[in-house]
Amino acid sequence: MDRARIVETEDGSHTVISPQFGEAYHSKYGAIQESRHVFLQAGLHPLLHKKEEIAILEIGFGTGLNALLTWLGTKEQPVNVHYDALEAYPIPKETVENLNYPDILDVEINIWNKLHSFSWGSAILLADNFRLVKHRVLFQKFRSARLYDLIYFDAFAPEAQPELWDIPMMRSMYNCLHFDGVLVTYCAKGYVKRNLKSVGFTVESIPGPPGKREMTRAIKMKMNE
Ligand SMILES: C[S@@+](CC[C@H](N)C(=O)[O-])C[C@H]1O[C@@H](n2cnc3c(N)ncnc32)[C@H](O)[C@@H]1O
C-alpha cells in the first residue's frame, strides 16, 4: 500500500492523506483552524465553565491533533479531563515525526512523542488534569462502561465510510453519552443530521470553519426537555 502523504493546508499546518481511504485527515483550508473551530470552540469550550470533570471520546485519533489541542486548551483550566481516543489504523511513526504541529503550536517535542509513543490500551497523564487512553480498535467494536460528556466525531467523510454515519453508529454514540452530552462533527449533510435525530439527538447546524458553511452539534437532551 502507498505511504501516508503529508500535505500543507491553507493555515500552514499539515494534514495527512490516507492511502487506504483516499481522504485527507483535515480540511484543506486549515487543519489546526478546523480542529479548533469544530472540536474546541463548538464542543469543548461551552462545557468548560459548566463542569469540573469532562469525559471526552474521540473517534478517531489520527494525527493526535485534536487530543493535543484539547490538552493545550485545558492546561490552565480548573477541570479534569479523561480523554478516550479510538483508532484502528494508526499512522506510521515516520509520518508523525514529520508533522509540524509541535512547531506551530509551540509544544515541547517530548509531549508530542509521549502522545504518540505510549502503548495502546494504557493510560497516561499528559498533565495532572489530563488523562489519555488510546484504544486500538474499530469504532464499531468499541464498548465502554464509561459515559461521556463530549464526543468528537471525526471519522472520514460519509462518501468514504458510509457505515460510520449510519443509524447503528449514531445509536451507539447516543448510548455512550450522559444526558446533556454533546457530539460535534465537521459534517453537515442532511441525512447525517436526520440519522442523528432518528436516534434521539437534538441537532443544530452551526457555522462551520472557513471553507465550510455549516457543521453539526448534537445534544442528548433529557427525555422531558
Ligand atoms: C478524519 S481522520 C481523524 C483525524 C484526527 N481526529 C486528527 O486529529 O488527526 C479519521 C480517522 O479514523 C480512523 N478510522 C477510520 N475508520 C475507522 C474504524 N472503522 N475504526 C477506527 N478508526 C477508524 C482513520 O484511521 C483516521 O485516523
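All figures in this text were calculated on a predicted structure; none of them were measured in a lab. (Residues numbered from 1 in each chain as written. Predicted model: local features only at pLDDT ≥ 70, side-chain atom pairs only at ≥ 80, totals over all residues. Heavy atoms only, no water.)

**Student:** Where do I start with the overall build of the protein in this structure?
**Tutor:** From N to C terminus, the protein includes seven helices and ten strands. Here the protein has a C-alpha radius of gyration of 16 Å; the compact-globule value for 225 residues is 17 Å, and the two agree. Dimensions of the protein along its principal axes, counting C-alpha atoms only, are 50 × 40 × 30 Å. Going through the 225 residues of the protein one by one, you find that 54% of them count as buried. A sequence separation of at least 24 residues applies to 67% of the contacts in the protein between residues at least 6 apart. (Helix = DSSP H or I, 4+ residues; strand = E, 2+ residues; numbered from the N terminus. Rg over C-alpha atoms; globule rule 2.2 N^0.38 Å. Buried < 20%, exposed > 50% of the residue type's maximum accessible area, 1.4 Å probe, protein only. Contact = heavy atoms within 4.5 Å.)

**Student:** What is the right way to look at the pairing of strand E7 (residues 148-153) in this model?
**Tutor:** Two faces belong to every sheet, and in a regular strand the side chains alternate between them. Burial analysis of E7 places six of its six residues in the buried class, which makes it a mostly covered element. Strand direction decides the pairing type here: strand E3 (residues 53-59) and E7, joined by four bridges, are parallel. Residue pairing for E7: Ile59 is matched across the bridge by Phe153. A crossover connection joins E7 to the parallel strand E8 (residues 177-185) through helix H6 (residues 167-175); in handedness this β-α-β unit is right-handed. (Pairing = 2+ DSSP bridges. Right-handed = clockwise from strand over helix to strand, strands pointing away.)

**Student:** I keep staring at the site of the ligand and nothing clicks. Help me out?
**Tutor:** The environment of the ligand is formed by 22 residues, the closest being Gly60, Thr63, Glu87, Asp154 and Gln161. In the environment of the ligand, an oxygen atom lies 3.1 Å from a nitrogen or oxygen atom belonging to the side chain of His26. Each residue belonging to the shell around the ligand can be placed in one class, and the counts come to eleven nonpolar, eight polar and three charged. (Near = heavy atom within 4 Å. Polar contact = N/O pair within 3.5 Å; in protein donor to acceptor, adjacent residues only side chain to side chain. Nonpolar A, V, L, I, M, F, W, Y, C, P; charged D, E, K, R; others polar.)

**Student:** I keep staring at the packing of helix H1 (residues 31-48) against helix H2 (residues 65-74) and nothing clicks. Help me out?
**Tutor:** The relative placement of two packed helices comes down to the angle between their axes together with the axis-to-axis distance. Interhelical geometry of H1 versus H2 gives an angle of 50 degrees and a closest axis separation of 10 Å. Classified by the angle their axes make, H1 and H2 are oblique. The interaxial crossing formed by H1 with H2 has right-handed handedness. Contact residues: Ala31, Ile32, Ser35, Arg36, Phe39, Leu40, Leu44 and Leu48 in H1; Leu65, Asn66, Leu69, Thr70, Gly73 and Thr74 in H2. Residue composition of the contact of H1 with H2, grouped by class: eight nonpolar, five polar and one charged. (Axes fitted to C-alpha atoms, helices over the stretch in contact; angles between N-to-C directions. Parallel < 35°, antiparallel > 145°, perpendicular 65-115°, else oblique. Left-handed = near helix turned anticlockwise from the far one by under 90°.)

**Student:** Just checking my understanding: could you explain unusual backbone geometry for this structure?
**Tutor:** With the exception of glycine, the majority of residues adopt a negative phi angle, and the majority of peptide bonds are in the trans configuration. Backbone torsion omega between Ile59 and Gly60 reads 0 degrees, so that peptide bond is classified as cis. Considering the arrangement of structural elements, one finds Gly60 in the loop between E3 and H2. In this structure, Asp106 takes a positive phi of about 55 degrees despite not being glycine. Among the structural elements, Asp106 can be located in the loop between helix H4 (101-104) and helix H5 (109-117). Phi at Asp180 takes a positive value of approximately 75 degrees, unusual for a residue other than glycine. Here Asp180 shows up in strand E8.

**Student:** Could you clarify how one ought to interpret H6 in this entry?
**Tutor:** Since there are 3.6 residues in each turn of an α-helix, residues three or four apart along the chain are aligned in direction. The set of residues buried in H6 consists of Met169, Met170, Met173 and Tyr174. Seen along its axis, H6 keeps its buried residues to an arc of 140 degrees; they face one direction. Structurally, H6 contributes buried residues whose contacts are with E3, E7, E8 and helix H7 (190-198). (Arc of directions from axis to C-beta.)

**Student:** What should I look at first to understand the pattern of salt bridges in this one?
**Tutor:** Opposite charge on two side chains lets them pair, provided their charged atoms get close. Counted under the stated rule, the structure contains eight salt bridges. Note that Glu97 and Lys93 form a salt bridge whose closest N and O atoms lie 3.0 Å from each other. Of this pair, Glu97 and Lys93 both sit in helix H3 (residues 93-98), separated by four residues, roughly a single helical turn. No difference in accessibility class separates Glu97 from Lys93, as the two residues are exposed. (Salt bridge = Lys/Arg side-chain N within 4 Å of Asp/Glu carboxyl O.)

**Student:** Explain the pairing of strand E4 (residues 80-87) to me, please; I cannot follow it from the model alone.
**Tutor:** Of all the eight residues making up E4, seven are buried; the element is thus mostly covered by neighbouring parts of the structure. Judged from the seven bridges that link them, E3 and E4 form a sheet pairing that is parallel. Opposite Leu57, over in E4, you have Asp84 as the bridge partner. After leaving E3, the chain enters H2 and then returns to the sheet as E4, a path that is right-handed. Looking at chain direction, E4 and strand E6 (residues 130-136) are connected through seven bridges and run parallel. Looking across to E6, one finds that Tyr83 is bridged to Leu132.

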